[in-house]
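Listed below, chain by chain, are the residues.
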Amino acid sequence: MSDRSRSLLLGCAVFALAVVAVALVLQHVFDMRPCAWCVFQRLLYLLVAAFALVGLAFGSGGVRRSFAVLAALAALGGVWAALHQQLVAAQTQSCAFTFADRVLMQLRLDETLPWLFFADASCSEANVPLLGMPFALWSVAAFVLLAAGASFAALSSKAPRARRSPLPEVPS
């Protein structure tokens with residue numbers, strides 16, 4: 001795996017974890033309560049980080065490339081989730097029983113790790129502006145960067161080619 005691919009995967013993992021850390025600070029220090037779609041996006045950021053770290057740590061070029069692709073797909077899922085939050089869910093008063101809410105209830109993450117996965121705001125309440133831009137659109141931008149970084153990592157981790165001899169083989 002190339003140094004560029006390693007750097008990109010490490011950068012994706014660190015950036016995804018940093019986004020979750022910022023969300024937790026905003027929640028627990030500045031009392032910015034998350035909705036189900038916010039918390040679902042946290043799960044996707046953690047998946048991106050996990051795939052990137054596993055791709056960085058294990059396997060050959062093909063295995064690492066596969067985990068980079070999984071990280072990119074998780075990030076694209078995050079783009080969808082954040083856009084859905086902005087364009088659909090934020091227009092309603094409740095996130096109850098949406099796809100995000102059902103996934104979180106099935107996984108029971110809100111019970112296992114409530115400080116990380118407990119959603120207690122409606123989508124319209126949670127999508128407040130941060131520096132003049134709705135929070136969900138910041139998340140879209142972060143997921144786009146992660147998808148690009150993971151995709152470039154996958155593309156730059158091509159398996160090494162067998163070297164050809166400069167001289168043709170002579171039959172015996």
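See the structure printed just above.
Now for a quick tour of the structure. (Residues numbered from 1 in each chain as written. Predicted model: local features only at pLDDT ≥ 70, side-chain atom pairs only at ≥ 80, totals over all residues. Heavy atoms only, no water.)

Moving on, we come to the overall build of the protein chain. Scanning the protein chain for helices and strands turns up 8 helices and 2 strands. When the helices and strands of the protein chain are placed in sequence order, the string is α-α-α-α-α-α-α-β-β-α. Counting over 172 residues, the protein chain shows a buried share of 40%. Within the structure as shown, the protein chain displays about 9900 Å² of accessible surface, and the carbon and sulfur contribution to it stands at 67%. (Helix = DSSP H or I, 4+ residues; strand = E, 2+ residues; numbered from the N terminus. Buried < 20%, exposed > 50% of the residue type's maximum accessible area, 1.4 Å probe, protein only. Areas by Shrake-Rupley, 256 points an atom, 1.4 Å probe, with all protein chains shown as cover.)

So, on to unusual backbone geometry. Of note, the phi angle at D31 is positive, near 55 degrees, even though the residue is not glycine. We classify D31 as exposed; its relative accessible area is 60%. Positive phi is not limited to glycine here, since L131 has a value of about 55 degrees. Of note, L131 is situated in the loop between β1 (129–130) and β2 (133–134).

A water-sized probe, rolled over the atoms, reveals where empty space remains. In this structure, the largest pocket occupies an estimated 440 Å³ of space. Lining the largest pocket are 21 residues, and of these V19, V22, A23, F135 and W138 lie nearest its centre. Of the residues that constitute the lining of the largest pocket, the class distribution is 16 nonpolar, 3 polar and 2 charged. (1 Å grid on protein atoms, 1.4 Å probe; cavity = no way out; pocket = protein on both sides within 12 Å on 5 of 7 lines; lining within 4 Å. Points joined across faces, edges and corners; volume = space filled by probe spheres on them. Nonpolar A, V, L, I, M, F, W, Y, C, P; charged D, E, K, R; others polar.)

Of all hydrophobic cores here, the largest spans 43 residues; its most connected members are W37, Y45, V48, F143 and L146. Broken down by secondary-structure element, the contributors of at least two residues to this core are α1 (3–28), α2 (36–57), α3 (61–87), α4 (99–107), α6 (114–117), α7 (123–126) and α8 (135–155). A per-element tally of this core places α2 first, with 12 residues. The contact partners of V48, leaving out residues within four places of it in the chain, are A16, A71, A74, A75 and L146. (Core = buried A, V, L, I, M, F, W, Y, C linked by side-chain atoms within 4.5 Å. Contact = heavy atoms within 4.5 Å.)

Attention shifts here to the pattern of salt bridges. A side chain of one charge can pair with a side chain of the opposite charge when the charged atoms of the two come close. Scanning the model with the defined rule gives 2 salt bridges in all. One salt bridge in this structure joins E111 and R108, with 2.9 Å as the shortest N-O distance. Exposure remark for E111: the relative accessible area of 52% places this residue in the exposed category. (Salt bridge = Lys/Arg side-chain N within 4 Å of Asp/Glu carboxyl O.)

This next bit is on the side chain of R42. Topologically, R42 is positioned in helix α2. Lacking a salt bridge, the buried R42 has D120 as its closest oppositely charged neighbour, with an N-O distance of 8.1 Å. When neighbours within four sequence positions are excluded, R42 is seen to be in contact with V20, A23, L24, Q27, P34, W115, L116 and F117. (Lys, Arg positive; Asp, Glu negative; His and termini not counted.)

With that settled, the discussion passes to the environment of A119. With respect to the helices and strands, A119 occurs in the loop between α6 and α7. A residue is classified by how much of its surface remains accessible, and A119, at 28% relative accessible area, is partly exposed. Setting aside its immediate chain neighbours within four residues, A119 contacts P34, C35, A36 and V39.

Turning our eyes to something else, we now look at the packing of α2 against α4. What describes two packed helices is the angle between their axes and the distance between those same axes. The N-to-C vectors of α2 and α4 enclose an angle of 60 degrees; their axes lie 8 Å apart at closest approach. As summarised for this structure, α2 and α4 are arranged oblique, according to the angle between their axes. Crossing hand, α2 versus α4: left-handed. Counting all contacts with α2, which are made through A36, W37, V39, F40 and L43, the residues of α4 involved are F99, A100, D101, V103, L104 and L107. For the contact of α2 with α4, the residue count by class is 10 nonpolar, no polar and 1 charged. (Axes fitted to C-alpha atoms, helices over the stretch in contact; angles between N-to-C directions. Parallel < 35°, antiparallel > 145°, perpendicular 65-115°, else oblique. Left-handed = near helix turned anticlockwise from the far one by under 90°.)

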